[in-house]
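Each chain is listed here by its residues.
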Amino acid sequence: ELVIHLRCGDIFDNTDPDFIRSSRQKTLIHNILSRNKKRFINNDIKKVTVVTALHFGANDLNQRYFYSDKIYNDNIIFLKNFENKVNDFGYELNLVSNVDFDLDFCYMSHSHHFVGSVSQVSNIIKKCLPKPAKIYY
């Protein structure tokens, strides 16, 4: 199983300084999938799972979430395009997104084939993976 962490949610807000990360993530994921297709087949990858959440941070000063319908829709478009890309490679996309983030964290940290996103969570996961795990860049 190839486990892919995707940072979603408020990262797609083009008024936020983190917006550039969503563009970098799109490019990163595209490049990783394109460069490693043969490696996935050679490593006998049978399943592709995305671990993600539509995370929208909050402003502690005014108790407002950084949510908008536009940002939500941009996320859905991104995820659908990503699913199409995975389907084009011949895989069905599985989704893991629990209310309890600890479950998602544990799922990713026990993977043996991992692709990280542009987030600190992915950087931590990479440090927690079992020794024989393959990390794709």
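Residues numbered from 1 in each chain as written. Predicted model: local features only at pLDDT ≥ 70, side-chain atom pairs only at ≥ 80, totals over all residues. Heavy atoms only, no water.

Enquirer: Could you clarify how one ought to interpret the packing of helix α3 (residues 101–109) against helix α4 (residues 120–128) in this entry?
Expert: To characterise two packed helices, one gives the angle between the axes of the helices and the distance between these axes. Relative to each other, α3 and α4 sit at 50°, their axes nearing to 9 Å. Looking at the two axes, α3 sits oblique to α4. Here α3 and α4 pass one another in a crossing that is right-handed. Facing α3, whose interface residues are Phe101, Phe105, Met108 and Ser109, α4 presents Val121, Ile124, Ile125 and Cys128. Of the residues assigned to the contact of α3 with α4, the class counts are seven nonpolar, one polar and no charged. (Axes fitted to C-alpha atoms, helices over the stretch in contact; angles between N-to-C directions. Helix = DSSP H or I, 4+ residues; strand = E, 2+ residues; numbered from the N terminus. Parallel < 35°, antiparallel > 145°, perpendicular 65-115°, else oblique. Left-handed = near helix turned anticlockwise from the far one by under 90°. Contact = heavy atoms within 4.5 Å. Nonpolar A, V, L, I, M, F, W, Y, C, P; charged D, E, K, R; others polar.)

Enquirer: Which parts of the structure should I look at to understand the nonpolar core?
Expert: Among soluble globular proteins, nonpolar side chains are generally buried collectively. Leu2, Ile4, Leu6, Leu33 and Phe82 are the most contacted members of the largest nonpolar core, which totals 24 residues. Going through the elements one at a time, β1 (2–9), α1 (19–42), β2 (48–55) and α2 (69–88) are the ones with two or more residues in this core. Apart from residues lying up to four places away in sequence, isoleucine 4 is in contact with Ile29, Leu33, Val48, Thr49, Val50, Val51, Phe82 and Val115. Of all hydrophobic cores here, the second largest spans eight residues; its members include Val96, Ile125, Leu129 and Ala133. (Core = buried A, V, L, I, M, F, W, Y, C linked by side-chain atoms within 4.5 Å. Buried < 20%, exposed > 50% of the residue type's maximum accessible area, 1.4 Å probe, protein only.)

Enquirer: Looking at this model, I keep getting lost on the pattern of salt bridges. Mind explaining?
Expert: Pairing is possible between side chains of opposite charge, provided their charged atoms come close. The tally for this structure, following the rule as stated, stands at three salt bridges. Between aspartate 44 and lysine 46 there is a salt bridge; the shortest N-O distance is 2.8 Å. (Salt bridge = Lys/Arg side-chain N within 4 Å of Asp/Glu carboxyl O.)

Enquirer: What is the right way to look at the side chain of aspartate 104 in this model?
Expert: When you line up the elements, aspartate 104 lands in helix α3. For the buried aspartate 104, no salt bridge exists, and the shortest N-O distance to an oppositely charged side chain is 12 Å, to arginine 7. Leave out the neighbours within four places in its chain, and aspartate 104 touches Val51, Thr52, Val96, Ser97 and Asn98. (Lys, Arg positive; Asp, Glu negative; His and termini not counted.)

Enquirer: Whenever I open this one, the environment of phenylalanine 78 confuses me. Can you help?
Expert: Checked against the element boundaries, phenylalanine 78 lands in helix α2. Relative accessible area serves as the criterion here: at 9%, phenylalanine 78 is assigned to the buried category. It is 9.0 Å that separates the C-alpha atoms of phenylalanine 78 and cysteine 8, two residues lying 70 residues apart in sequence. Residue contacts for phenylalanine 78: discarding those within four places in its chain leaves Leu6, Cys8, Phe12, Gln25 and Lys26.

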